[in-house]
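One-letter residues, chain by chain:
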Amino acid sequence: MSHEIRTPVTSITGFTEQLLHESLDENTTEKLRIIRSSSLHLERIINDILDFSKLQEGKMVLEQIPFSINRIAEEVYGMFLGQAGKNNSVLTYHIDPGTPPVLVGDPYRLKQVMINLVSNSVKFTADGTVRFSVSGTMQQPGKVMLVMEFADTGIGIDEDKIDTIFDDFTQEEMSTARRYGGTGLGLSIVRRLVDLQGGRIEFRSRKNEGTTVRCEIPFLSGDI
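Since the model is a prediction, treat every value here as computed from it, not as a measurement.

### Looking at the environment of Gly 105
Along the chain, the position of Gly 105 falls in strand β3 (residues 102–105). Classification of Gly 105 as buried rests on a relative accessible area of 3%. A C-alpha to C-alpha distance of 7.6 Å links Gly 105 and Phe 67, two positions 38 residues apart in sequence. Apart from the residues within four sequence positions on either side, Gly 105 is in contact with Glu 63, Gln 64, Ile 65, Phe 67 and Phe 219.

### As for the pairing of strand β4 (residues 129–140)
When strand β2 (residues 90–95) meets β4, the two strands line up parallel, connected through six bridges. Counterpart to Leu 91 in the pairing with β4 is Val 130. When β4 meets strand β5 (residues 143–152), the two strands line up antiparallel, connected through 10 bridges. Pairing of Gln 140 across the sheet is with Lys 143, part of β5. Hairpin connection, β4 to β5: the antiparallel pair is bridged by two residues, and Gly 142 has positive phi, about 85°.

### Remarks on the nonpolar core
In this structure, Leu 110, Met 114 and Met 148 are the most contacted members of the largest nonpolar core, which totals 41 residues. Non-local contacts of Leu 110, meaning those with residues more than four positions away in its chain, are made with Phe 67, Ile 69, Ile 72, Leu 146, Met 148, Gln 197, Ile 217 and Phe 219.

### A closer look at the side chain of Thr 212
Within the fold, Thr 212 resides in strand β7 (residues 210–221). Once you skip the residues sitting within four places of it in the chain, Thr 212 turns out to touch Glu 149, Phe 150, Ala 151, Glu 202, Phe 203 and Arg 204.

Procedures and definitions
Position labels on residues start from 1 in each chain and follow its written sequence. The predicted origin of the model limits local features to residues at a pLDDT of at least 70 and limits the giving and counting of side-chain atom pairs to 80 or more, whereas totals for whole chains, interfaces and linings rest on all residues. Only hydrogens and water are set aside; all other atoms, that is, all heavy atoms of the structure, feed into the side-chain values. A run of DSSP states H or I qualifies as a helix once it reaches four residues; a run of E qualifies as a strand once it reaches two. Both are numbered from the N-terminal end. Only protein chains enter the accessibility calculation, which uses a 1.4 Å probe; a residue is then buried when its area is under 20% of its type maximum, exposed when over 50%, and partly exposed in between. Between two residues, a contact is recorded if the distance between any of their heavy atoms is within 4.5 Å. Pairing between two strands is assigned when DSSP locates at least 2 bridges connecting them. In this text, buried Ala, Val, Leu, Ile, Met, Phe, Trp, Tyr and Cys residues form a nonpolar core when linked through side-chain atoms within 4.5 Å.

Right under this line is the structure:
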């Protein structure tokens, strides 16, 4: 059902994008922007449900191909720069110069982890800062531990709720779901993807003081 729903929603988004490039009056343009925003939101919900289903059933298979971590980080940064600006927040990223330029693993699933975590930080941060960093160190010949940190000055959560933040369909409060939307699956999917890649994830947060997420995922070096 989710696959069947995604196809028409993607069409709605695509045609709306085309219309927004035409000369239209301000009222029509604003309505089209709302349609685009709503359809993109629905796409994200559908994708979350599909990914969650695959992960639950153990049907998600990881690729093992060479990729550039620099390129992935740059693409993720570009995806959320505009949204951060709309929230009057500053988005930055840093890649440690010692990080091997080519890794071997599943770039799509790694990018998905980064997208979900940066998206969360940007969504829940207004008039603040969002920063993510990447570093990689050789653990043994041919093997690299990739360490990623995602930090923001956003709304944060109560420390006593951190233990449940990765549970399925969980958001800290109903008011959060109403205001920011989402399925409550984003962090659950992140945790499952990190586990699937043999990594680990840590979540630190304080209410109204921001959140820091640290991920460690092992990869092979592309230099071997």
